[in-house]
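Overview (structure and organization)
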Amino acid sequence: MGELRGTHVPVLLERCLELLAPALDRADGRTTVYVDATLGLAGHAEAVLAAHPRTVLVGLDRDTEALAHARARLERYSDRTHLVHAVYDELPEVLDRLGYDRVDGILFDLGVSSLQLDAPDRGFAYAQDAPLDMRMDQSAGTTAEEVVNTYSHGELARVLKVYGEERFAGRIASAILRERERNRLTSSARLAELVRESIPAPARRTGGHPAKRTFQALRIEVNRELAALETALPAALDALSVGGRAVVLSYHSLEDRITKQVLAGRARSTGPVDLPVELPGTGPMLRLLSRGAELPGEAEVQVNPRAASVRLRAAERIERDGGSSTTTRRAVRERPGRVVGETGSTGAGASNGSDGARRELPRPATEGGGTTVQGEGR
Ligand SMILES: C[S@@+](CC[C@H](N)C(=O)[O-])C[C@H]1O[C@@H](n2cnc3c(N)ncnc32)[C@H](O)[C@@H]1O
């Protein structure tokens, strides 16, 4: 394990603890299980273990270096931690191996950690020269070097456009192809230079570093980040006990969109719209805890600029009890007004100037029956 470079300040830590607390401290005093699907340097995990002495942690990370740091940090809790080298879409198998069929709290703190971003040798950062690797798990998978040197023009342009929302994706892809006809592209500094040269000067003056979107796109492609999330999030929600809670921190609009769709899909009825009662198994299985996406407050962004683009969404597992004659459908379809602070842009770092949309949604009148769930703002 190498020296720890800098520190990773856990994002929206107090809010995450507040949201998870009712799920981890149960009235009957039973031991609860908390999954940190993106353990990183264990900032969130350590705070959860300290706050909940009867909680067992299952911590996953695909990065062995992060796991080694997390293991050292959590040493005093080693009797109630399971740290596993895994991609989070392997969560069902991990829980199976550990013998847990239900969990009570789950956190996804998506994206890269400071450990990875600041590493001089891993190629995530456009600001320093390094081999073009960008794999979170350096023991497996395709590197960014392989992507930029083997993908066709069309494939490269699609990756940059879709995952980076890069307006000049085609021009950047052309520059990469021209470069690799001369020399194999192996360095992050050379890639950042090519991107900068491909973007017209007026556009370079806005939107941060010109290579930011290209590096983000390649990182998402290399690590199959969105496909893993699309599989992992539904599986994680299915593992929640009734009363269990999931919190997701996203850092760009594509992750947040997947999270929003998965949560919203499970927070509404799947039965026929025109029936006055729920059919068995068609009631919502989640109650949304956040109205739209919550944003960080200005104070947090000032001390931790990496929090600027975060979007938090959270939900609680409820009893899915469709089919009762008293289970009316009316409220399930109701939708509140437009959401304060909701944004759709990637890494916009917008703040609503307050502490974000922090209010937990009121519990529905029929809670326990699990039939009345607030919908999404839009
Ligand atoms: C933002 S950091 C988490 C920081 C952590 N919450 C803390 O307080 O230290 C994200 C971590 O998730 C890991 N990660 C990202 N995608 C993953 C995936 N699909 N499966 C497992 N781990 C993943 C990364 O390797 C990284 O260490």
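Predicted model, so just to flag it, every value in this text is computed and none were measured. (Residues numbered from 1 in each chain as written. Predicted model: local features only at pLDDT ≥ 70, side-chain atom pairs only at ≥ 80, totals over all residues.)

Before going further, it helps to spend a moment on the environment of arginine 26. Residue position: arginine 26 is located in the loop between α1 (13-24) and β1 (32-36). Here arginine 26 falls in the partly exposed class, since 15 other C-beta atoms lie within 10 Å of it. (Helix = DSSP H or I, 4+ residues; strand = E, 2+ residues; numbered from the N terminus. Buried ≥ 20, exposed ≤ 12 C-beta atoms within 10 Å, placed from the backbone.)

This brings us to the site of the ligand. With respect to spatial proximity, 21 residues lie near the ligand, and among them Thr38, Gly40, Gly43, Asp63 and Asp109 are the closest. Going through the elements one at a time, α2 (43-51) and β2 (55-61) are the ones with two or more residues in the shell around the ligand. (Near = placed C-beta within 6 Å.)

Below, the discussion takes up unusual backbone geometry. Backbone geometry follows two general trends: most residues other than glycine have a negative phi, and most peptide bonds adopt the trans configuration. Positive phi, close to 45°, is recorded for leucine 12, a residue that is not glycine. Along the chain, leucine 12 turns up in the segment before α1. You can call leucine 12 buried: it has 25 C-beta atoms within 10 Å.

Right, let's talk about the packing of helix α7 (residues 153-164) against helix α11 (residues 212-222) for a bit. Direction vectors running N to C along α7 and α11 enclose 100°, while the axes themselves pass 8 Å from each other. If you check the angle between α7 and α11, you find them roughly perpendicular. Residue-level inspection shows Val159, Leu160, Tyr163 and Gly164 of α7 in contact with α11, the latter providing Arg213, Thr214, Gln216, Ala217, Leu218, Ile220 and Glu221. Partitioned by chemical class, the residues of the contact of α7 with α11 number six nonpolar, three polar and two charged. (Axes fitted to C-alpha atoms, helices over the stretch in contact; angles between N-to-C directions. Parallel < 35°, antiparallel > 145°, perpendicular 65-115°, else oblique. Contact = placed C-beta atoms within 7 Å. Nonpolar A, V, L, I, M, F, W, Y, C, P; charged D, E, K, R; others polar.)

The next thing to look at is the UniProt feature "binding site: S-adenosyl-L-methionine" (unreviewed entry) in the protein. Here, the residues flagged by UniProt with the feature "binding site: S-adenosyl-L-methionine" (unreviewed entry) are Ala42, Gly43, His44, Asp61, Tyr88, Asp109 and Gln116. Assessed through the 26 C-beta atoms surrounding it within 10 Å, aspartate 109 is described here as buried. Setting aside residues no more than four positions away along its own chain, aspartate 109 makes contact with Val11, Thr38, Gly40, His44 and Leu249. You can see glutamine 116 is positioned in helix α5 (residues 114-118). For glutamine 116, a count of 22 C-beta atoms within 10 Å gives the class buried. Sequence-distant contacts of glutamine 116, that is, excluding residues within four places in its chain, are made with Asp63, Arg122, Phe124 and Met136. (UniProt positions renumbered as here; feature names shortened; annotations may be inferred.)

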